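# Structural overview
Spelled out from the first residue to the last, the chains are:
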Amino acid sequence: MSSLKVLFVDDEPEVLARLKDELQNQGDGWSFAFAESGRKALVAMDIKNFDAIVVDTDMPNMDGPKLLKKVQRRFPGTVRIILSTGMGAEMGLKSLGFAHQALPKSTSPANICMAISRTFRMRDLFLDKSFHRQISRIRSLPTPPPTYRELVKEFQAQEPSIKKIAGIISHDTGLTAKMLQILNSAFFGLPTRITSPLHAVTLLGLDMIQTLALASGVFRQFEVQRMGYITPEWISDHGIAVGKLAKQIAEELELSPEICENSLLAGMLHDVGKLMELAFFRDQFKGAFDTARRDDQLLVDAEREQMGVGHSEMGAHLMGLWGMPNSVVEAIAFHHCPLQAGDLGLSELVTVHIADALIWETYDDLKPQGGGLDKMLIKSLNLEDKIQTIREKLVETIER
Ligand SMILES: [Fe+2]
Ligand SMILES: [Fe+2]
């Protein structure tokens, strides 16, 4: 990874002095700078390019969210992290419009550096800086208006049902991703990382979820035009099918409960990059889509040729920025080419790759977007027999 430049902003000189001291041995070849106010931070950024900025929430004159709002506008390519002392939902909402991640103020400098380097690992998968900037600007993903209306209707019911609301959220790729970004931020101070919308809704209660879901700018209902058969609804339905099968595969392989749960989430989110392409990179995506159709090419290859980046890397980059678990981000990044991830054990990447490939085998009328099941991977993990059993079961369920 390239050596990164990181700017820390805190109004308390003692905090900065301690950071300076503790950061001396962190980040291989990284350089750190420090500013005592939002104003000084902006001056520093005018002079020098920073890859990431880490700001305190509570500062006089210009607080953390205000500063990050300016940074987002003026320096969109910079990764924005806010440190919080657990300020509750309101501050969380205000901040996460502008921050990519919120970490507790007590986080050690080593862990802050780790969070930053995680976001850059995925970013380095593609080089085009204008993509980095555009992705870094994305605050929310499109939710189809009917889904949004369904959510509002359930909240307005006499007795809204937690299960139904969690069901609506977990059936939508964009809602799931944004909800988990917010809930896993330090503002909610939840003890463990949440990967399931039902768990999130149960833990936080309906009132809190309602505030989150309906607050302006958090979930954006906007209609995006389809690209052939690809619509937000198709992406969500495909995500659920892949997520459920990936979880089932993880269970059959007797993987840890954590990998089983993460497989469901990673499957749900694996094509989130397509949602980004539909909403934010439409023209480039159209070029790739048309070429794939005309030249009988795989869509993922056409994307890389036309845009220099596939939906998998694009999605992984945003989910990394939003602080999703590493293994989920890896599964998204390499779901079409698992061997490129390097050292492979039985992980979410393997379960999602297999599930995606097997689900594609059931779509008789569509041309595959990726290259299908990686036979070398299956052989190296000794999974040939298992896959055949899973495939037969899947066909049985579909035929039933
Ligand atoms: Fe894909
Ligand atoms: Fe897929």
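Residues numbered from 1 in each chain as written. Chains lettered and ligands numbered in written order. Predicted model: local features only at pLDDT ≥ 70, side-chain atom pairs only at ≥ 80, totals over all residues. Heavy atoms only, no water.

### Considering the packing of helix α17 (residues 311-321) against helix α18 (residues 326-333)
Any two packed helices are characterised by the angle at which their axes cross and by the distance between the axes. It is the contact of α17 with α18, at a shortest axis distance of 7 Å, that shows an interaxial angle of 165 degrees. Regarding the angle of α17 to α18, the classification is roughly antiparallel. At the point where α17 passes α18, the crossing takes the right-handed sense. Contact with α17, carried on its side by Ser312, Glu313, Gly315, Ala316, Met319 and Gly320, involves Val329, Ile332 and Ala333 of α18 and no other residues of that element. Of the residues belonging to the contact of α17 with α18, the class tally is five nonpolar, three polar and one charged. (Axes fitted to C-alpha atoms, helices over the stretch in contact; angles between N-to-C directions. Helix = DSSP H or I, 4+ residues; strand = E, 2+ residues; numbered from the N terminus. Parallel < 35°, antiparallel > 145°, perpendicular 65-115°, else oblique. Left-handed = near helix turned anticlockwise from the far one by under 90°. Contact = heavy atoms within 4.5 Å. Nonpolar A, V, L, I, M, F, W, Y, C, P; charged D, E, K, R; others polar.)

### Comments concerning the domain arrangement of the chain
If you check the domain split of the chain, you get domain 1 (5-124), domain 2 (142-221) and domain 3 (232-399). For domain 1 versus domain 3, the separation of C-alpha centres amounts to 33 Å. Across the boundary between the two partners, domain 1 contributes eight residues, which contact eleven residues of domain 3. Buried surface at the junction of domain 1 and domain 3, summed over both partners, amounts to about 830 Å²; 62% is from carbon and sulfur atoms. Among the residues of domain 1 in contact with domain 3, His100, Arg118 and Met122 are the three that bury the most area, contributing 59% of the side total. On the surface where domain 1 and domain 3 come into contact, there are two residue pairs in polar contact (both at pLDDT 80 or more). (Domains from an automatic or database assignment. Buried area = accessible area lost by both parts, 1.4 Å probe. Polar contact = N/O pair within 3.5 Å; in protein donor to acceptor, adjacent residues only side chain to side chain.)

### Here we look at the sheet that holds strand β1 (residues 5-9)
Two strands in a sheet stick together by hydrogen bonds in their backbones, pointing the same way (parallel) or opposite ways (antiparallel). In spatial order, the strands read β2-β1-β3-β4-β5; together these five strands make up an open sheet with parallel pairing. The open sheet is flanked by β2 (31-35) and β5 (101-104), the only strands paired with a single partner. Between one strand axis and the next, the sheet turns through 20 degrees on average, direction left out of account. Strand direction decides the pairing type here: strand β4 (residues 79-84) and β5, joined by four bridges, are parallel. (Pairing = 2+ DSSP bridges.)

### As for the coordination of the iron ion (ligand 1)
Taken together, Asp271 (OD), His311 (NE2), His335 (NE2) and His336 (NE2) make up the protein donors of the iron ion (ligand 1), found 2.2 to 2.3 Å from the metal. Bound by four donor atoms, the iron ion (ligand 1) shows angles of 84 to 172 degrees at the metal and therefore irregular coordination geometry. Expressed as a motif, the donor residue spacing for the iron ion (ligand 1) is D-x39-H-x23-H-H. Separating the iron ion (ligand 1) from the iron ion (ligand 2) is a gap of 3.5 Å, which Asp271 spans by donating to each of them. Of this pair, His311 sits in helix α17 while His335 sits in the loop between α18 and α19 (348-361), and the two are 24 residues apart along the sequence. In this structure His335 comes out as buried when scored by relative accessible area, which is 1%. (Donors = N, O, S within 2.8 Å, 3.2 Å for Na, K, Ca; no water. Tetrahedral: all angles 85-135°; square planar, octahedral: opposite > 155°, others 65-115°. Buried < 20%, exposed > 50% of the residue type's maximum accessible area, 1.4 Å probe, protein only.)

### Examining the pattern of salt bridges
Inspection of the entire model under this criterion finds eleven salt bridges. We note a salt bridge from Glu303 to Lys274, for which the minimum N-O separation is 3.6 Å. Of this pair, Glu303 sits in helix α16 (residues 299-307) while Lys274 is found in helix α14 (residues 272-280), placing the two residues 29 residues apart along the sequence. As far as burial versus exposure is concerned, Glu303 and Lys274 are alike and both buried. We note a salt bridge from Glu361 to Arg391, for which the minimum N-O separation is 2.7 Å. Pair noted here: Glu361 is in helix α19 and Arg391 is in helix α21 (residues 384-399), with a separation of 30 residues, a long-range link. Under the relative-accessibility criterion, Glu361 is labelled partly exposed at 40%. The network of salt bridges with common partners includes Asp10, Asp56 and Lys105. (Salt bridge = Lys/Arg side-chain N within 4 Å of Asp/Glu carboxyl O.)

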